[in-house]
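Breakdown of the fold
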Amino acid sequence: MRLSRYFMPTLKEDPKEAQIASHRLMLRSGMIQQSSAGIYSWLPLGHRVLKKIEQIVREEQDKAGAIEILMPTIQSADLWRESNRYDDYGKEMLRIEDRHGRDMLYGPTNEELVTDIFRSHVKSYKDLPLNLYHIQWKFRDEVRPRFGVMRGREFLMKDAYSFDLDYEGAKIAYNRMFVAYLKTYARMGLKAIPLRADTGPIGGDLSHEFIILADTGESEVFYHKDILSLETPEDKDYSADELQAIVDKWTGYYAAADEMHDPDNCPIAKEDLVSRRGIEVGHIFHFGQKYSEPFGASVAGPDGKETLVSMGSYGIGVSRLAGGIIEACHDENGIIWPEAVAPFKVGLINLKSGDDACDAACEDFYGKLQNAGVEVLYDDTRERAGGKFATMDLIGLPWQVTVGPRGLKNGVFEVKNRASGEKEELSAEAALQKLVG
RNA sequence: CGGGGCAUAGCACAGCCUGGUAGUGCGCUCGCUUUGGGAGCGAGAGGUCGCAAGUUCGAAUCUUGCUGCCCCGACCA
């Protein structure tokens, strides 16, 4: 992409409404634009990041055996009356009336809808286990939206719903998601910690939330220091026992959110305990028959008896992760994208657009990167050098390639790693080699 | 939902107290000079001062109401 043809409205100064790093940087780098409180448009740069996160989540869900569907944002109140949540959910639910006076709502979650789909079509235990997920916009009318996309009212979320014949099956489904989550966050360059969670209004007796560490996190977490050195599960099909072993290993270490942590009764030694701030980026629940019962979601078991299915739900805040990753990965100059979610892998800086030698070298290199399938943002504008460097640092692409008259005299480009700040001078061929693959 | 704050050009702000029809920096346009980490000079464009009522000869400025946004707390992917 040529910057001169792109739409990337960056800001030199901090918008005053943005207090935390990710919000500030997302606005300054032109990723998002606020539409109203807690509701954002995603501009090209932000949209690319959102899609990358979404795709990683999708791939890991698919690998874990979940099947993608897409349910609507607008739901009928009738379904929510069946589960009795229409009245219970409170003002967080955005209620809408259609022209016929029917009560509708903008879905804050999809247990009702997915259970309705399930009960309409699944009648036999032979069709289980089943795990359906979608990645869809949700709306929760938060009293006080804040922190940009981290705590918006409208947000993109992956939510999966598992259906099993019994608790044993449901637990396997739960563990499968647990492991998929560890892999998902690791792919994004994040270290996520599973915390035993309070099950809250959704209810249930098996639940974990996944948090990533960031100094600006919303809540304090306490954990055993060794949990950070645990190995991420491999990319393979684990047996039920293997899944359980992985979950046991990860949950064997102490990890607790502020409200669950009692400093006087902490089971681990002080020197092993670490306290940092965290951002919740996922939450998984087993809730058994909480919805299958009111919805009559049952299947015929092997014995011919109708059995209410045992369910769980598994959320990942996709749009929140965009902010969360920035909270975890930035410095005073801007964002430092992990490569897997970066909007582009390489930023190519032409220090002297209009200069024949610089233009030719850049055009050639730009074409080669593109042919090699490397996503590159080519700054071909007439902006001054300082401005170009500052913008590249701000938007945080993992690699910067600087092409200027000075380097060209010696036949070299400067290749800079945004994360480490390391720079090296390489020939065009060597630079290409380094950036491809 | 309790408490507080803010609203003036695309962005950040001054002006308001003590009423007289709007200004600074950045950004934008044009020209010249510059050119390896957010340049300099010159010339421009851009504002129903959030909305509505009131007070007044006259309101960005004073009064009232409304709306929007932000912050602290209680609550959440």
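The preceding data block contains the structure.
Residues numbered from 1 in each chain as written. Chains lettered and ligands numbered in written order. Predicted model: local features only at pLDDT ≥ 70, side-chain atom pairs only at ≥ 80, totals over all residues. Heavy atoms only, no water.

1. Observations regarding the protein's contact with RNA strand B
- Within the structure, RNA strand B sits among 46 residues, and Lys91, Val143, Arg144, Glu280 and Asp393 are positioned closest to it.
- In this structure, glutamate 13 approaches RNA strand B through a side-chain N or O atom, which is 3.2 Å from a base nitrogen.
- Between RNA strand B and glutamine 34 there is a distance of 3.3 Å, counted from a sugar or linking oxygen to a side-chain nitrogen or oxygen.
- If you list the elements that add at least two residues to the surface near RNA strand B, you get strand E1 (32-36), strand E8 (154-164), strand E13 (273-288), helix H11 (385-395), helix H12 (405-409) and strand E22 (413-417).
- Tallied by class, the residues present in the surface near RNA strand B amount to 12 nonpolar, 13 polar and 21 charged. (Near = heavy atom within 4 Å. Polar contact = N/O pair within 3.5 Å; in protein donor to acceptor, adjacent residues only side chain to side chain. Helix = DSSP H or I, 4+ residues; strand = E, 2+ residues; numbered from the N terminus. Nonpolar A, V, L, I, M, F, W, Y, C, P; charged D, E, K, R; others polar.)

2. Comments concerning the sheet that holds E22
- Strand order in the open sheet made by the five strands is E20-E19-E21-E22-E23, with mixed pairing throughout. Because the sheet does not close on itself, it has two edges, and the strands there are strand E20 (376-379) and strand E23 (423-426). Across the sheet, the mean angle from the axis of one strand to that of its neighbour is 20 degrees, orientation sign disregarded.
- Helix H10 (residues 356-371) rests against strand E19 (346-350), E20, strand E21 (399-403) and E22 of the sheet, and its axis sits at about 165 degrees to E19. (Pairing = 2+ DSSP bridges. Axes fitted to C-alpha atoms, helices over the stretch in contact; angles between N-to-C directions. Contact = heavy atoms within 4.5 Å.)

3. What about helix H6 (residues 167-187)?
- Its 21 residues place the ends of H6 30 Å apart at the C-alpha level, agreeing with the 30 Å of an ideal helix rising 1.5 Å per residue.
- Just past H6, the residue glycine 189 takes up positive phi, approximately 80 degrees. (Expected span 1.5 Å × (residues − 1).)

4. Re the packing of aromatic side chains
- On inspection of all chains with the given rule, the structure shows 12 aromatic pairs.
- Geometrically, the ring pair formed by phenylalanine 365 and phenylalanine 413 is edge-to-face, given 5.0 Å between the ring centres and 85 degrees between the ring planes. With a gap of 48 residues between them, phenylalanine 365 in helix H10 and phenylalanine 413 in strand E22 connect regions that are remote in the sequence.
- The buried category is assigned to phenylalanine 365, whose relative accessible area is 2%.
- A cation over a ring is seen here: arginine 48 above phenylalanine 344, with NZ or CZ 3.9 Å from the ring centre.
- A cation over a ring is seen here: arginine 81 above tyrosine 86, with NZ or CZ 4.6 Å from the ring centre. (Phe/Tyr/Trp six-rings, centres within 6.5 Å; stacked < 30°, edge-to-face > 60°. Buried < 20%, exposed > 50% of the residue type's maximum accessible area, 1.4 Å probe, protein only. Lys NZ or Arg CZ within 6 Å of the ring centre and 35° of its normal.)

5. Considering the packing of helix H1 (residues 21-28) against helix H9 (residues 318-328)
- The geometry of H1 relative to H9 is characterised by a closest axis approach of 8 Å and an angle of 110 degrees between their N-to-C directions. With respect to H9, the element H1 is oriented roughly perpendicular. Contact with H1, carried on its side by Ala21, Ser22, His23, Leu25 and Met26, involves Ala322, Gly323, Ile326 and Glu327 of H9 and no other residues of that element.
- Split by residue class, the contact of H1 with H9 holds five nonpolar, three polar and one charged. (Parallel < 35°, antiparallel > 145°, perpendicular 65-115°, else oblique.)

6. Here we look at the pairing of strand E5 (residues 94-97)
- Pairing analysis gives four bridges linking E5 to strand E6 (residues 103-106), with the strands arranged antiparallel. In the sheet register, isoleucine 96 faces E6, and the bridge partner there is methionine 104.
- Hairpin connection from E5 to E6: five residues lie between these consecutive antiparallel strands, with glycine 101 at a positive phi of about 80 degrees.

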